[in-house]
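The lines below spell out each chain.
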Amino acid sequence: MSRASCYDVVIIGGGVMGCSIAWRLAQEKQRVLVLERSVPGAEASSAAAGMLVPHAEAHGDNPMTRLMMKSAARFPKLSTELQNATGMDVEYRRSGALRVAFTARQGKELKRPSWASRAKVQQKSFSSAGLSKLESSLAKLHSGVLYPKDARIDPRLFLRSTHLAALRSGAEFRSGTYVECIEQRAKKAEAVRLEDGTRIMAGTVVVAAGSWSALVEGVPLQRQDVIPARGQVIELTSSSPLTDRVIFGPDCYAVPRDDGRILIGSTTEFVGHRRGVTARAARDLLTAAIALMPALGDARLTGSWSNFRPFAADGLPVLGKTGVDGLLLATGHYRTGILLAPITAEIIRCLILGKRSPVPLASFSSSRLARSSPLSK
Ligand code: GLY
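Residues numbered from 1 in each chain as written. Predicted model: local features only at pLDDT ≥ 70, side-chain atom pairs only at ≥ 80, totals over all residues. Heavy atoms only, no water.

### What about the overall build of the protein chain?
Each helix and strand counted, the protein chain has ten helices and 18 strands in total. On C-alpha atoms alone, the protein chain measures out to a radius of gyration of 21 Å, which is about the 21 Å that the 2.2 N^0.38 rule sets for 377 residues. Taken over the C-alpha atoms alone, the protein chain extends approximately 70 × 40 × 40 Å along its principal axes. In the protein chain, which comprises 377 residues, the proportion classed as buried is 58%. Look at the contacts in the protein chain between residues 6 or more apart in sequence, and 74% of them connect residues 24 or more apart. Roughly 16300 Å² of accessible area belongs to the protein chain as shown, and the carbon and sulfur atoms make up 50% of that amount. (Helix = DSSP H or I, 4+ residues; strand = E, 2+ residues; numbered from the N terminus. Rg over C-alpha atoms; globule rule 2.2 N^0.38 Å. Buried < 20%, exposed > 50% of the residue type's maximum accessible area, 1.4 Å probe, protein only. Contact = heavy atoms within 4.5 Å. Areas by Shrake-Rupley, 256 points an atom, 1.4 Å probe, with all protein chains shown as cover.)

The following block contains the structure:
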């Protein structure tokens with residue numbers, strides 16, 4: 001067996017998870033290989049809008065909120081580290097996020113929930129007049145809530161920078177590689193076999209293949225444990241930036257870039273791996289966006305795409321060890337892949353180095369899926 005086909009860690013999937021994990025492990029002098037079917041970041045990582053909004057998207061004082069908060073807290077240092085490693089600005093901006101309501105009924109849903117303080121969710125309410133003063137690009141609205149600690153990033157720059165940082169730290173990448181299966185012996189992952197017959201020996205195999213993770217042969221998941229949830233996005237460009245903040249309306253969200261682009265999302269559709277931007281979704285997203293920010297009616301339509309969020313039945317990520325020794329999962333991140341990349345990389349790094357995970361992993365273990373998935377019965 002040549003040394004070239006034997007690695008400490010083989011990562012299946014070169015998206016933001018694979019690149020982040022590879023970078024952190026290569027920094028620890030682990031011999032890392034990332035296998036990617038297409039090119040790094042070709043799938044969900046580059047299609048994401050890039051909102052880093054644990055405060056606006058918290059649903060309780062629970063493990064997921066804590067996971068999101070912990071990961072969000074890593075971005076200021078991480079973006080500086082990436083800038084130093086690669087010279088790239090990943091457009092991490094602590095812009096804050098706004099949730100807005102058109103009606104009194106929608107306004108009621110923005111009321112601060114009883115668990116918000118326990119979960120350390122910071123928010124500030126605004127009346128119609130206060131909202132107009134805060135964000136002049138908005139239509140006349142009923143009320144809104146500002147989450148000042150939330151942020152945004154450019155996922156494509158984040159991905160490219162993380163990929164480059166991983167390469168510069170010594171991680172290897174093979175693009176255009178199709179994995180046939182993960183080989184096991186006595187319940188221990190031993191190698192990854194490629195479609196062309198190549199066998200790559202691995203101390204540990206990490207599956208970070210997004211919505212394709214459960215389809216890799218040898219992964220101890222049922223096909224339906226992680227499925228694709230298609231999201232469609234429309235990109236508009238205005239002659240000057242309309243807002244700096246992430247804005248959630250009742251029927252769409254808007255995520256700006258520094259250069260005047262603004263991404264409007266999104267749908268959540270369970271249509272398998274069927275790519276496409278549909279006329280209906282484009283109409284609905286544009287209507288909702290223009291109702292939210294009337295000046296968007298004059299913006300140029302500069303892009304549209306769809307991609308597949310990896311969705312587990314309870315919407316939580318699937319992280320950590322499995323029943324197969326040496327086979328770890330980093331998938332199921334659904335709507336929060338970009339946000340959770342830093343903490344996921346840290347968790348996997350700790351598990352591989354035999355250290356304690358920075359967060360309890362019981363809620364995110366793959367063993368919960370057999371219990372909770374109504375589809376797996
Ligand atoms: N993170 C937003 C979405 O997945 O649509």
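### Some remarks on the sheet that holds strand β6 (residues 143–147)
If you walk across this open sheet you meet the eight strands as β5-β6-β4-β13-β14-β15-β12-β16, and the pairing is mixed. Pairing within the sheet leaves two strands with one partner each, and these edge strands are β5 (124–127) and β16 (300–312). Neighbour to neighbour, the strand axes of the sheet diverge by 20° on average, direction disregarded. Pairing between strand β12 (residues 226–237) and strand β15 (residues 261–265): five bridges, direction antiparallel. The residue of β15 that forms the bridge with T237 is R261. (Pairing = 2+ DSSP bridges. Axes fitted to C-alpha atoms, helices over the stretch in contact; angles between N-to-C directions.)

### Observations regarding the site of the ligand
Every residue near the ligand is listed here: M51, Y253, S266, R309 and R335. Y253 is positioned with one of its side-chain polar atoms (N or O) 2.6 Å from an oxygen atom of the ligand. Within the side chain of R309, an N or O atom sits 2.7 Å from an oxygen atom of the ligand. In the complex, 88% of the free accessible area of the ligand, which totals 200 Å², lies under the protein chains. (Near = heavy atom within 4 Å. Polar contact = N/O pair within 3.5 Å; in protein donor to acceptor, adjacent residues only side chain to side chain.)

### A look at the confidence of the model for the protein chain
For the protein chain, the average pLDDT comes to 95, and 97% of its residues sit at 70 or higher. Note on residues 373–377: pLDDT is under 50 here. Beyond four places in sequence and across chains, it has nine contacts. (pLDDT = per-residue confidence, 0-100.)

### Focus: the environment of K70
By the element assignment, K70 lies in helix α3 (residues 63–72). Distance in space between the C-alpha atoms of K70 and I290 is 34 Å, their sequence separation being 220 residues. Once you skip the residues sitting within four places of it in the chain, K70 turns out to touch I343, P358 and V359.

### Here's the deal with unusual backbone geometry
Negative phi is the rule for most residues except glycine; trans is the rule for most peptide bonds. Cis rather than trans, the peptide bond between G265 and S266 has omega equal to -15°. Relative to the assigned elements, S266 resides in the loop between β15 and α8 (279–292). Residue A186 is not a glycine yet carries a positive backbone phi of 50°. The residue A186 is located in the loop between β9 (179–185) and β10 (188–194) in this model. Overall, the relative accessible area of 77% leaves A186 in the exposed class.

### Quick look at the packing of α3 against helix α9 (residues 337–352)
Taken N-terminus to C-terminus, the directions of α3 and α9 make an angle of 95°; their axes are 7 Å apart at the nearest point. The angle between the axes of α3 and α9 places the two elements in the roughly perpendicular class. Taken together, the residues of α9 that come into contact with α3 (itself represented by M64, L67, M68, K70, S71 and A72) are L339, L340, A341, P342, I343 and I347. Of the residues contributing to the contact of α3 with α9, the split by class is ten nonpolar, one polar and one charged. (Parallel < 35°, antiparallel > 145°, perpendicular 65-115°, else oblique. Nonpolar A, V, L, I, M, F, W, Y, C, P; charged D, E, K, R; others polar.)

### A look at the packing of helix α1 (residues 16–27) against α9
Packed helices, taken two at a time, are described by the angle between their axes plus the distance between the axes. Viewed as axis vectors pointing N to C, α1 and α9 meet at an angle of 40°, and their least axial separation amounts to 8 Å. The pairing of α1 with α9 is recorded here as oblique in orientation. Regarding α1 and α9, the two cross each other, and that crossing is right-handed. Seen from α1, the contacting residues are V16, M17, S20, I21, R24 and L25; seen from α9, they are G337, I338, L340, A341, T344, A345, I348, R349 and I352. Each residue belonging to the contact of α1 with α9 can be placed in one class, and the counts come to ten nonpolar, three polar and two charged. (Left-handed = near helix turned anticlockwise from the far one by under 90°.)

### A closer look at the pairing of β10
Taken residue by residue, a regular strand's side chains alternate between the two faces of the sheet. Within β10, five of the seven residues are buried, leaving the element largely enclosed by the surrounding structure. Note that β9 and β10 share six bridges and pair antiparallel. Residue pairing in the sheet places V179 in a bridge with L194 of β10. Taken together, the three bridges between β10 and strand β11 (residues 199–207) define a ladder with antiparallel strand orientation. Within the sheet, the bridge partner assigned to V192 lies in β11 and is I200. Linkage of β10 to β11, two consecutive antiparallel strands, is achieved through a turn of four residues, within which G197 is found at a positive phi near 95°.

### Topic: the state of the cysteines
For the structure shown, the criterion picks out zero disulfides. Distance from the sulfur of C19, which forms no disulfide, to the nearest cysteine sulfur (C350) is 19 Å. Owing to a relative accessible area of 0%, C19 belongs among the buried residues under this scheme. (Disulfide = S-S within 2.5 Å.)

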